[in-house]
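# Breakdown of the fold
Listed below, chain by chain, are the residues.
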Amino acid sequence: MCGIIGIAGNQPVTDRLLEGLKRLEYRGYDSAGIAVINDDNGPSTLVRRRAEGKIRNLENLINEEPLEGHLGIAHTRWATHGAPNTMNAHPHFAGRVGLVHNGIIENFTLLRDQLKDTRTFQTETDTEVVAHLIDEAMKSGLSGKDAFAASLKQLTGAFAIGVVIDGVDGQLFAARRGSPLAIGLGDGENYIGSDAIALASLSSKIIYLEEGDWAVITTDSVEIFDANDTPVERAVTIVSGSLAAAEKGNYRHFMLKEIYEQPESVSHTLTHYVDAFHHKVKTLAELDMEGLDWNKLERLSLIACGTAAYAASIAKYWFEQLAHMPVDVDIASEFRYRRPALTKKSMAIAVSQSGETADTLAALRYCQSKGLQTAAIVNVMSSSMAREADFAMPINAGPEIGVASTKAFTSQLTALLSLAISAGVRRGLIDGSREKNLAEALTQMPRLIAETLTLDADIEALALDLSKADSAFYLGRGVHYPLALEGALKLKEISYIHAEGYAAGELKHGPIALIEEGTPVIVIAPTDALFEKTVSNMQEVATRGAKILLITDSEGAKNTAGMTDATLICPTVSVETAPIIYAITVQLLAYHTAVHLGTDVDQPRNLAKSVTVE
Ligand code: M6R
């Protein structure tokens, strides 16, 4: 996971940038670099040092070839586009511009094409083109600030950016869209960093940039602008250094912070499983899992608990549809005692955020004792499951502190969908052009999640109504049936409102008896092959007095005008990635309902983050 730090200083910055990079090591990285405006002797110059591997390699290099300057940026890179080598390491240079970046510039191929006649690219990264855009804009006569603002408007994707420009009067530029970025306020100095941890030794006064914000930072000023370039004030949060790792930033709860982190956490998952540069999912060999062959497997057994089990249930549809692989999904506490009939040609995959859930771990060990190949899809790579399974597959969502799982769920889904596509390719069911489409749909997710998060205020208003209910139903078909189960779980675990998820077609076989005047029914139905059938089921409950909240896309909203009490319109997305996007809405709905009710959102009653007893 990339990390950024920058200093507009009144003292030399190199040592402090190095120290900040060390604080960012926890995010994981494969190369690092620092750039400063060298103002030591004579006219200023933009200089950098970069090194592959550990930060000590960069430190050794700087000891041999020191860097002097009062304005600088630094970066730890976790490769997404292009190999993890020195050439691709940040900062990237173009003319007078030095730039560091976290996230993915989705339209970098298009932008590179537009600049290819006037610019020479040195790297394989999606990042370098942004430095060229800024430098090109300055060549056309814009100031550094205007060139930065204009260039941001040309970018699509989710990112955080830090920039220094030679000859531009001590200014450090920063922008945030999708990936977090913080500003630290100092005494005669100011800073930028990926998070408060990076800035912990420099400043305890932190401003968390909001979505779409950009800023110009000097030693004695911080100007912040919103996405429309309007100057804005953002609150200053006082952060205690030792608590920085567990800080909520300017979020009221960890759960909300983690919901908002999803453009970034999903992009970290994608980094591991998708080769965005070549528009393909990574092969098992590229994932260092040569011992596994999708072609030799006759069956998959997905085993998990709670939210992770719902991720597995969604993945069943993907593996069956994309790779024609039969899949069993089991709740671990049932699986481990029912003496399942297993064949050696099946593989067991445990799905777990913590990697320590007792039932899931026991089920994994049971499968190993029966001679099955095993894999664990986990967030905590030092966990028992990651250590004990034949293959450990990371989701890289970062620490999840809220008890209700949110970002781990969407990252589990992202990993599972990528693996299902990889299986489909290997088994000859997905050709190159379909793989390209699917890989592109995956890489657009961070941006689409960020877009879905803009529904937050609408959802908060709808949650007020839901908070007055005694019970609620969630309906969906296909992949949206397990998502309905997850939506109901989120609501009950943090708001304590009784909620049930049902397959939309199943309701009339009994549960419809519970529908009465005003019962809230949340229907998850993007426009897909099952849309009309779900709408028919929605009407069956509407005519019996249910209060309908439909979650759909603009096409679905048009086709159901007048049929619902409220409609939430999500971005239009591919059929395969839809559950990942729609998950955001049910998370926010549960969160705001709980907040309206005043429950302990991050530590709901009776629940633990990691269930290590059976
Ligand atoms: O760490 P795990 O993913 O194995 O945890 C599984 C469940 O305990 C967990 O998903 C639980 O259901 C959460 N409270 C859901 O929000």
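How each quantity is defined
Along each chain, residue indices are assigned from 1 in the same order as the chain's sequence is written. Side-chain atom pairs in this predicted model are given and counted only at pLDDT of 80 or more, local residue features only at pLDDT of at least 70, and totals for whole chains, interfaces and linings cover all residues. As a convention, hydrogens and water are excluded, and side-chain values are obtained from all of the structure's heavy atoms. We treat two strands as partners when DSSP finds at least two bridges between them. Each helix is a run of H or I in the DSSP string that is no shorter than four residues. Each strand is a run of E no shorter than two, and both are numbered from the N terminus. What counts as an axis is a line fitted to C-alpha atoms, over the stretch in contact for a helix, and the angles between N-to-C directions run from 0 to 180 degrees. Residue contacts are defined here by distance: any two heavy atoms, one from each residue, within 4.5 Å place the two residues in contact. A molecule or strand has a residue near it when one of that residue's heavy atoms lies within 4 Å. Side-chain atoms alone can form a polar contact between residues adjacent in sequence; in general such a contact is a pair of N or O atoms within 3.5 Å, and within protein one must be able to donate a hydrogen while the other accepts it. A 1.4 Å probe and the Shrake-Rupley method give the accessible areas. Residues count as covered only by the protein chains that appear here. Each residue receives one of three labels: charged for Asp, Glu, Lys and Arg, nonpolar for Ala, Val, Leu, Ile, Met, Phe, Trp, Tyr, Cys and Pro, and polar for the others, Gly being one of them. What makes a salt bridge here is a side-chain nitrogen of Lys or Arg within 4 Å of a carboxyl oxygen of Asp or Glu, nothing more. The buried label goes to any residue with under 20% of its type's maximum accessible area, the exposed label to any with over 50%, and the partly exposed label to all in between, with areas taken from a 1.4 Å probe on protein chains only. Throughout, the edges of the domains are those of an automatic or database domain assignment. Two parts placed together each lose some accessible area under a 1.4 Å probe, and the buried area is that loss summed for both. Helix span, expected: 1.5 Å multiplied by one less than the number of residues in the helix. By nonpolar core we mean a set of buried residues, namely Ala, Val, Leu, Ile, Met, Phe, Trp, Tyr and Cys, connected to one another through side-chain atoms within 4.5 Å. Stacked, edge-to-face and tilted labels apply to pairs of Phe, Tyr and Trp rings (six-membered ring for Trp) whose centres lie within 6.5 Å, assigned for plane angles under 30 degrees, over 60, and everything in between, in that order. Cysteine sulfur atoms are paired as a disulfide whenever they come within 2.5 Å of each other. Under this scheme an angle from 65 to 115 degrees is roughly perpendicular, one under 35 degrees roughly parallel, and one over 145 degrees roughly antiparallel; angles in between are oblique. Note: crossing handedness is left-handed where the near helix turns anticlockwise from the far helix by less than a right angle, and right-handed where it turns clockwise.

A few words on the sheet that holds strand 18 (residues 299-304). Taken together, the five strands give an open sheet; going across it, the order is 19-18-20-21-22, and neighbouring strands pair in parallel fashion. A strand with exactly one partner marks an edge of an open sheet, and here the two such strands are strand 19 (327-331) and strand 22 (391-394). Across the sheet, the axes of successive neighbouring strands diverge by a mean angle of 20°, strand direction being ignored. Across the sheet, helix 8 (residues 306-323) lies against strand 18, strand 19 and strand 20 (346-352), angled at about 175° from strand 19, the strand it touches most.

What follows is about the site of the ligand. In the region of the ligand, 13 residues are neighbours, and Ser352, Gln353, Ser354, Thr357 and Glu493 sit closest. At a separation of 2.6 Å, an oxygen atom of the ligand approaches a polar backbone atom of Gln353. Between a nitrogen atom of the ligand and a main-chain N or O atom of Val403, the distance comes to 3.4 Å. Coverage of the ligand by the protein chains reaches 91% of its 410 Å² of free accessible surface. Counting only elements with at least two residues in the shell around the ligand, the list comes to helix 8 and helix 16 (480-495). Sort the elements by how many residues they give to the shell around the ligand and helix 8 lands first, with three residues. Tallied by class, residues from the shell around the ligand come to four nonpolar, seven polar and two charged.

Attention now goes to the environment of Asn396. Along the chain, the position of Asn396 falls in the loop between strand 22 and helix 12 (407-426). Linking Asn396 and Lys492, residues 96 residues apart in sequence, is a C-alpha distance of 27 Å.

For the coordinates displayed, the defined rule picks out 30 salt bridges. A salt bridge links Asp213 to Arg234, with the shortest nitrogen-to-oxygen separation between them at 2.7 Å. Pair noted here: Asp213 is in the loop between strand 11 (205-208) and strand 12 (214-217) and Arg234 is in the loop between strand 14 (231-232) and strand 15 (237-238), with a separation of 21 residues, a long-range link. Each of the two residues, Asp213 as well as Arg234, counts as buried. The closest approach of N and O atoms between Lys436 and Glu440, which form a salt bridge, is 3.3 Å.

The next thing to look at is the domain arrangement of the protein chain. For the protein chain, the assigned domains are domain 1 (3-250), domain 2 (258-443) and domain 3 (450-597). Spacing between the C-alpha centres of domain 2 and domain 3 amounts to 26 Å. Between domain 2 and domain 3, the buried area comes to about 2,000 Å², and carbon and sulfur atoms account for 74% of it. The closest approach of N and O atoms between Glu576 and Arg434, which form a salt bridge, is 3.5 Å. Scanning the region where domain 2 abuts domain 3 turns up nine residue pairs in polar contact (both at pLDDT 80 or more). At the level of secondary structure, the elements contributing two or more residues to the side of domain 2 that touches domain 3 comprise helix 6 (254-260), helix 7 (262-273), helix 8, helix 12 and helix 13 (432-443). A per-element tally of the side of domain 2 that touches domain 3 places helix 8 first, with seven residues. Grouping the amino acids of the side of domain 2 that touches domain 3 by side-chain chemistry returns 14 nonpolar, eight polar and one charged.

The next thing to look at is helix 16. Its 16 residues place the ends of helix 16 22 Å apart at the C-alpha level, agreeing with the 22 Å of an ideal helix rising 1.5 Å per residue. Count one or two residues on from helix 16 and you reach Tyr496, which has phi positive near 65°.

The biggest cluster of nonpolar side chains holds 94 residues, and the ones touching the most others in it are Trp294, Leu300, Trp318, Phe319, Tyr474, Ile551 and Tyr582. The residues that make up this core include at least three from each of domain 2 (258-443) and domain 3 (450-597). Ignoring anything within four residues of it in the chain, the contact list for Trp294 reads Leu284, Leu300, Phe319, Met325, Met347, Leu419, Ser422, Ala423, Arg426 and Arg427. Counting residues in each nonpolar core, the second largest holds 30 residues, with Phe108, Leu115, Phe148 and Val163 among its members.

Once that is clear, we can look at the packing of aromatic side chains. Scanning all chains against the criterion turns up eight aromatic pairs. Taken together, a centroid distance of 4.4 Å and an interplanar angle of 20° make the contact between Trp214 and Phe225 stacked. Within this pair, whereas Trp214 is found in strand 12, its partner Phe225 is found in strand 13 (residues 222-225), the two being separated by eleven residues in sequence. Take Trp214: its relative accessible area is 5%, and that puts it in the buried class.

Another point: unusual backbone geometry. A cis amide bond, omega -5°, links His90 with the succeeding residue Pro91. Mapping Pro91 onto the fold places it in the loop between strand 4 (71-77) and strand 5 (92-94). You will see that Asp288, though not glycine, has its phi angle at about 65°, which is positive. Tracing the sequence through the fold places Asp288 in the loop between strand 17 (280-281) and strand 18. The exposure class of Asp288 is exposed, given its relative accessible area of 62%. Positive phi, close to 45°, is recorded for Arg339, a residue that is not glycine.

Once that is clear, we can look at the pairing of strand 11. Here four bridges tie strand 9 (residues 182-185) to strand 11, and the two strands are oriented antiparallel to one another. From the neighbouring strand, Ala182 faces strand 11, where its bridge partner is Tyr208. As judged from the two bridges shared by strand 11 and strand 15, these two strands associate in the antiparallel manner. Of the residues in strand 15, the one forming a bridge with Lys205 is Ile238.

A few words now on the sheet that holds strand 13. Strands sit in the order 5-6-7-8-12-13-14 across an open sheet of seven strands; the sheet is antiparallel. Every other strand in the sheet has two partners, leaving strand 5 and strand 14 as the edge strands with one partner each.

Evaluated as defined, the whole model comprises zero disulfides. The thiol sulfur of Cys367 is not disulfide-bonded, and the nearest other cysteine sulfur, from Cys305, lies at 13 Å.

A few words now on the side chain of Asn107. By the secondary structure assignment, Asn107 is in the loop between strand 6 (97-105) and helix 3 (108-115). Leaving out residues up to four positions away in the same chain, Asn107 has contacts with Gln154, Leu155 and Thr156.

A few words on the packing of helix 14 (residues 445-453) against helix 19 (residues 578-597). Closest axis-to-axis distance for the helix 14/helix 19 pair is 9 Å, and the angle between their directions is 30°. For the element pair helix 14 / helix 19, the angle class is roughly parallel. Of the two elements, helix 14 crosses helix 19, and the hand of that crossing is right-handed. On the side of helix 14, the interface is formed by Met445, Leu448, Ile449, Thr452 and Leu453, while helix 19 contributes Ile580, Ile581, Ile584, Thr585 and Leu588. Looking at the contact of helix 14 with helix 19, its residues break down into eight nonpolar, two polar and no charged.

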